[in-house]
Structure formats: structure tokens, C-alpha cells
Amino acid sequence: MKFKATLIGATAILMWSLLALFTAASGKMPPFQLSAICFLIGSIPGVVVLALKPERLALLKQPAKVWITGIAGLFGYHFLYFTALRNAPAVEAGLIAYLWPLLIVVGSALLPGERLRWYHVAGAFAGLMGTIMIIARNGIAFDDAYLMGYGAALLCAFTWSGYSLLTRRFEAVSTDVVTGFCLVTSLLSFVCHLGLETTVWPETTFEWLAVAGLGLLPVGAAFYAWDFGVKNGNIQLLGVASYAAPVLSTLILILFGFAEPSWRIAAACLFVTGGAVLAAKDMIFRKARTAVQPAE
């Protein structure tokens, strides 16, 4: 069950790697408007399930702390991320925000029944190095003038890692509740859009399809998969594997002609892959021992 749940959680990372491609193809829609539409689309699969199986509506009745954690995680992360990008250069803000996988790995030591090993931390740092090589390929230049943006990015990292770790403590809560988180996040994003942005709609069918893709996968199904994975899978391995997202994202952009290949990308792939293998050492060797164990 744990291995299966880890694989399901890992599909969220694969879907998040499509985020940059779909966003680049979605036109010039401002971020909160895009977030509002995508989270509304992302809630549709859950709404359909609840409509077909109305008895599952009872699963949405959860303590306030579950709802606060979920809404703070999904909406809080995106609000802080957009704030960071508005008040700091994208490279530095993105790099700070992407500390969340490392924070998940280290913070997992506080969870009941979890043991943090040296190779979990080493694997996370290897993944971080790979991410730095991708995100900061044109250099890093931190400037005091952007402290507000840097602060928002750091809060962003703590928000998503905190959400992921706290979700593990709500393992008895059904993933159906993510539908509610998406709906509320969509509503709050729409309110922010009205107050902060000018409405811009996609101009072509292709851009609308990209928006639909965002809502169905990286801003939709990914959150359901992540919820199930962190509740039931290997959270340290998922944390380390999350560093694969920016590498895979860059490879996909190269494949579709939005970026150029380089030695940095190849090296980043080695760092991220090596870090993930190191963090998964126990799981890999346990599977190997099980496979060669003689039958009685």
C-alpha cells in the first residue's frame, strides 16, 4: 500500500512538470484570474464523483483545522507565490520558494512513525543542487530592494511544506475533501483578481485548451494525487522526488521548442536522479530482497 501510494503521489510531480509548458501556452491571463479558472476546473472531477456518489458528501464534514490547513495550503501557497513574483525577480523568488521539498524531508522527522536518515537529507540536498542549476542558470543576484518578495517566497516554501506535513497527520481524512479546497481556492483567487488585476481572456482555442490542461492536471488532479501520496506513501521520498519537477519541466520545454538544451540540464538530471535514488535506498533494497527471497 505504501509503495502504491508513493507512486500515486509521484504522479503529482509529473503533472507539476507540465505547469510551465501549459502556462506558457495559455496566453497573457493574469495569475489570480488563471488560478481562479484552473482551480474551478480542477474541482470538476471531484464534483462529478460527489454527484454520482452523494453518500460521499458526508466525507466533506471535517473539523475546522482540516479546512483551514487545506485552504491555507492551496490558496496561501499561490497567493504568496504570486506576491513573490510581483515583488522580486522570478529566478531568486522561484529558488527560495522551491526550498519546500527540502523542508518536507527535514520536517518529516517530526511526524509519528517516521525516521529521518542521513541519506534522506543528502538526497534532498542533491535535488536542491540540481534545481539551482536549472533555475539559476543565468546567475543569482539577491538585492535588498526585493526583501518583500524574498520574504513572500520563503513563506511560500514553509506554507506548502507545512501543508504537506500536516496533511500526513490527517491520514484518516478522505481525499474527497480536496474538492472543497479547490472550490474555495478558486473563489478566493477570483476575489483577488477583482481587486488586483485587469481581466484578460485567452485569444485562441489553443490557449483555452492550455488553460483546460492546467486545470485538469497540474492545478487539478495533481493535488488529489499529492494528498493521497503524502497521507499514505513515503513522504521523504516524495519530498526528494519533487526536485524532479523543474528538471522535467525544462526537458519538456526543450522538447516543445521553448528552451535550448545545455550541459547544465544534463548535470541537473544526474543530481536529481541520484538524490532520488539515494533517498529511496531502503525502498529499493527492500524490494530487491523480497524479489530474491526463496519460496518456502
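The written sequence of each chain sets the order in which its residues are numbered from 1. Reporting in this predicted model follows two pLDDT cut-offs: at least 70 for local features of residues, and 80 or more for side-chain atom pairs to be given and counted; totals over whole chains, interfaces and linings ignore these cut-offs and use all residues. Remark: hydrogens and water are excluded; side-chain values derive from all non-hydrogen atoms of the structure.

A. How the structure looks around the confidence of the model for the chain. pLDDT: the predictor's confidence for each residue, scored from 0 to 100. Looking at the chain, pLDDT values average 88 and 94% of them are 70 or higher. When pLDDT is averaged over each element of the chain, helix α9 (residues 177-196) comes out on top at 97 and helix α14 (residues 281-292) at the bottom at 57. Helix numbering and strand numbering both begin at the N terminus, where a helix is a DSSP run of H or I of at least 4 residues and a strand a DSSP run of E of at least 2.

B. Region of interest: the environment of Pro89. Looking at where Pro89 falls in the secondary structure, it is placed in the loop between α4 (64-87) and α5 (90-97). Here the alpha-carbon distance between Pro89 and Phe142, two residues 53 residues apart in the chain, equals 8.8 Å. With sequence-adjacent residues up to four places away left out, Pro89 is seen in contact with Tyr146 and Tyr150. Any two residues whose heavy atoms approach within 4.5 Å at even a single point are treated as in contact.

C. How the structure looks around helix α10 (residues 205-232). Expected span of a helix: the number of residues minus one, times 1.5 Å. With 28 residues, α10 extends 39 Å between its outermost C-alpha atoms, agreeing within 8% with the 40 Å of an ideal straight helix rising 1.5 Å per residue. Of all the bends found along α10, the most pronounced is centred on Ala222 and spans about 40°. The bend reported for a residue corresponds to the angle between axes fitted to the seven residues ending at that residue and the seven starting there.

D. Spatial organisation of helix α13 (residues 263-279). The end-to-end C-alpha distance of α13 is 24 Å, a good match for the 24 Å that 17 residues give at a rise of 1.5 Å each. Exposure categories follow from relative accessible area, calculated using a 1.4 Å probe and restricted to protein chains: below 20% of the type maximum is buried, above 50% is exposed, and the middle band is partly exposed. Within α13 the residues assigned to the buried category are Ile265, Ala267, Ala268, Val272, Gly275, Ala276 and Ala279. Viewed end-on, α13 has its buried residues packed into an arc of 165°, placing them on one side of the element. Away from the buried face of α13 by more than 90 degrees, exposed residues Trp263 and Leu270 are located. An arc is given here, and it is the one of the directions from the helix axis to the C-beta atoms.

E. Quick peek at the environment of Arg86. Along the chain, Arg86 turns up in helix α4. Sequence-distant contacts of Arg86, defined by excluding residues within four places in its chain, comprise Pro31, Phe32 and Glu197. Between N or O atoms, a polar contact is any pair within 3.5 Å; within protein, one atom must be a potential hydrogen donor and the other a potential acceptor, and residues adjacent in sequence are included only when both atoms are from side chains. Only 3.1 Å separates the side chain of Arg86 from the side chain of Glu197, close enough to count as a polar contact.

F. Up close: the nonpolar core. Among buried residues, those of type Ala, Val, Leu, Ile, Met, Phe, Trp, Tyr and Cys that are joined through side-chain atoms within 4.5 Å constitute a nonpolar core. By size, the foremost hydrophobic cluster in this structure holds 71 residues, and its most contacted members are Trp16, Leu74, Trp100, Trp160, Phe223 and Trp226. For Leu74, the contacting residues outside a window of four places in its chain are Phe39, Trp160, Tyr163, Phe181, Cys182, Thr185 and Phe223.

G. Structural detail: the pattern of salt bridges. The working definition used for a salt bridge is a side-chain nitrogen of Lys or Arg within 4 Å of a carboxyl oxygen of Asp or Glu. Taken as a whole and judged by the stated rule, the model has 4 salt bridges. Residues Arg86 and Glu197 are paired through a salt bridge, measuring 3.1 Å at the closest nitrogen-oxygen approach. On the criterion of sequence distance, the pair formed by Arg86 in helix α4 and Glu197 in the loop between α9 and α10 is long-range, its members being 111 residues apart. Its relative accessible area of 13% is what places Glu197 among the buried residues.

H. Expanded view of the packing of aromatic side chains. Whether two aromatic rings pair depends on their centres lying within 6.5 Å, for rings of Phe, Tyr and Trp, where Trp uses its six-membered ring; planes under 30 degrees apart make the pair stacked, over 60 edge-to-face, and the rest tilted. The tally for this structure, following the rule as stated, stands at 21 aromatic pairs. Where Phe32 meets Phe79, the ring centres are 5.9 Å apart and the plane angle is 40°; that geometry is what we call tilted. Placement of Phe32 in helix α3 (residues 31-52) and of Phe79 in helix α4 is noted, with a sequence separation of 47 residues between them. For Phe79, a relative accessible area of 32% puts it in the partly exposed group.

I. Fine view of the state of the cysteines. A pair of cysteine sulfur atoms is labelled a disulfide when the two atoms are within 2.5 Å. Within the structure shown, the criterion is met by 0 disulfides. You can see Cys182 has no disulfide; the closest cysteine sulfur is in Cys38, sitting 11 Å from it. On the basis of relative accessible area, Cys182 is assigned to the buried category, the value being 0%.

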